[in-house]
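An overview of the molecular structure
Now for the letters of each chain:
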Amino acid sequence: MLQSLAGSSCVRLVEQHRSAWCFALLVLGYLLYLVFGAVVFSSVELPYEDLLRQELGKLKQRFLEEHACLSEQQLEQFLMRVLEASNYGVSVLSNASGNWNWDFTSSLFFASTVLSTTGYGHTVPLSDGGKAFCIIYSVIGIPFTLLFLTAVVQRIIVYVSRRPVLYFHIRWGFSKQLVAIIHAILLGFVTVSCFFLIPAAIFSVLEDDWNFLESFYFCFISLSTIGLGDYVPGEGYNQKFRELYKIGITCYLLLGLIAMLVVLETFCELHELKKFRKLFYVKKDKEEDQVHIMEHDQLSFSSISDQAASMKDDQKANEPFVTSQSPTSNDSSLNN
């Protein structure tokens, strides 16, 4: 008897605080996923880093042996200056001297990466004025970009997702949830093909040093706005039509970001995902809902009566086959 009561009380306690338990599991799962990623990256990349360090150490030692007139301190100062310039996107290599980082097309590409929060980091402002302007430009431009993308996605998703689902649901009688799932999968496949696979194949041809995996890696890192900056297109030696190429990449990043947001919004509108997300949300109390309802003016009696009167006026105005009669005509008809 006591065991059954204890079990029922535990079940009742879990049901009452279900959202909190789900949220705790979500936080724990996220932390474990972070640790899992750190373990995998460390185990995979650490041996390669060690080999690279050993190779650089041997090259440095060989260079000092071949040039006895150069001290190690002088070489260190030179390398530090070269690395500092490289962090600002300036290379000392002879085959990279022809590419400017701040011509119009490169600046346009930089502005698009800043506003989309991709930020490759291969080109950064050099002057204090450029850094100050970048801060002000980002503070205004990033919310402006979010507003722009939200408005564009809201209009596109009506024609790309909602209307096709409703068409097959109403016209053919299929289940709306099933049609939405199939449509989301097809839309995701088309997006991956048009903005990942095909561009990756194009980049692997246009970029001499990139294979298909590296090109696909660039597309994913860019459209997911991660922007690590280890692969940046159009930076090769004697890149043909570099200005036009940079403009095309800017358009690709903008269109690809919109396509990614449309796909994400389509998946977020699935009924199953909505139910899954609600497991982690805090439920509103009844008192908060009542206060929220009472604060709305449109639910008061005066606003209801005003809305009813306006609705009647709109109905009379929208009736095309009913002609309004003047009071004089009504009086004359009564007299007759």
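Given the structure is predicted, the values throughout are model-derived calculations rather than measurements.

Time to look at the packing of aromatic side chains. For the coordinates displayed, the defined rule picks out 14 aromatic pairs. Judged by centre distance (5.0 Å) and plane angle (70°), the rings of Trp102 and Phe110 are edge-to-face. Judged by its relative accessible area of 16%, Phe110 is buried. Judged by centre distance (6.0 Å) and plane angle (20°), the rings of Tyr120 and Phe218 are stacked. Remark: Phe218 occurs in helix α7 (residues 212-223) and Tyr120 occurs in the loop between α4 (104-115) and α5 (128-171); sequence separation between them is 98 residues. Accessibility classification places Tyr120 together with Phe218 in one group, the buried group. The ring of Phe109 has Lys246 sitting right over it, with the charged end atom 4.4 Å from the ring centre.

Before going further, it helps to spend a moment on the packing of α4 against helix α8 (residues 242-268). The geometry of α4 relative to α8 is characterised by a closest axis approach of 9 Å and an angle of 15° between their N-to-C directions. Taken together, α4 and α8 sit at an angle that is classed as roughly parallel. As α4 packs across α8, the resulting crossing turns out to be left-handed. Between α4, through Thr105, Ser106, Leu108, Phe109 and Ser112, and α8, the contact on the second element is made entirely by Arg242, Glu243, Lys246, Ile247, Ile249, Thr250 and Leu253. Per-class residue counts for the contact of α4 with α8 are five nonpolar, four polar and three charged.

A separate point is the UniProt feature "transmembrane region" (unreviewed entry) in the chain. Annotation from UniProt places "transmembrane region" (unreviewed entry) at residues 21-44, 135-157, 178-203, 215-232 and 244-264. Between the end C-alpha atoms of residues 215-232 the distance is 10 Å, and the span holds 50% helix and 0% strand.

Another aspect to go through is a nonpolar patch on the surface. Nonpolar side chains collect at one region of the surface, where Val192, Leu197, Ile198, Ile202, Val205, Leu206 and Phe212 lie side by side and expose about 610 Å² of accessible area between them. Among the elements that make up the nonpolar patch, the one with the highest residue count is helix α6 (residues 176-206) (six residues). Mapped onto the secondary structure, Ile202 falls in helix α6. For Ile202, a relative accessible area of 45% corresponds to the partly exposed category.

Under the defined criterion, the tally for this structure stands at two cavities of 30 Å³ or more. The calculated volume of the largest cavity comes to roughly 40 Å³. Lining the largest cavity are Tyr120, Tyr217, Phe218, Ile221, Ser222, Leu228, Gly229, Asp230 and Tyr231. Partitioning the lining of the largest cavity into residue classes produces six nonpolar, two polar and one charged. Counted as a void, the second largest cavity has a volume near 30 Å³. Lining the second largest cavity are Ser116, Thr118, Ser222, Leu223, Leu253 and Leu257. Looking at the lining of the second largest cavity, the elements that each hand over two or more residues are α7 and α8. Partitioning the lining of the second largest cavity into residue classes produces three nonpolar, three polar and no charged.

Conventions used here
Residues numbered from 1 in each chain as written. Predicted model: local features only at pLDDT ≥ 70, side-chain atom pairs only at ≥ 80, totals over all residues. Heavy atoms only, no water. Phe/Tyr/Trp six-rings, centres within 6.5 Å; stacked < 30°, edge-to-face > 60°. Buried < 20%, exposed > 50% of the residue type's maximum accessible area, 1.4 Å probe, protein only. Helix = DSSP H or I, 4+ residues; strand = E, 2+ residues; numbered from the N terminus. Lys NZ or Arg CZ within 6 Å of the ring centre and 35° of its normal. Axes fitted to C-alpha atoms, helices over the stretch in contact; angles between N-to-C directions. Parallel < 35°, antiparallel > 145°, perpendicular 65-115°, else oblique. Left-handed = near helix turned anticlockwise from the far one by under 90°. Contact = heavy atoms within 4.5 Å. Nonpolar A, V, L, I, M, F, W, Y, C, P; charged D, E, K, R; others polar. UniProt positions renumbered as here; feature names shortened; annotations may be inferred. Patch = residues over 30% accessible without salt bridge, like charges linked within 9 Å, V, L, I, M, F, W, Y side chains within 5 Å. Areas by Shrake-Rupley, 256 points an atom, 1.4 Å probe, with all protein chains shown as cover. Salt bridge = Lys/Arg side-chain N within 4 Å of Asp/Glu carboxyl O. 1 Å grid on protein atoms, 1.4 Å probe; cavity = no way out; pocket = protein on both sides within 12 Å on 5 of 7 lines; lining within 4 Å. Points joined across faces, edges and corners; volume = space filled by probe spheres on them.

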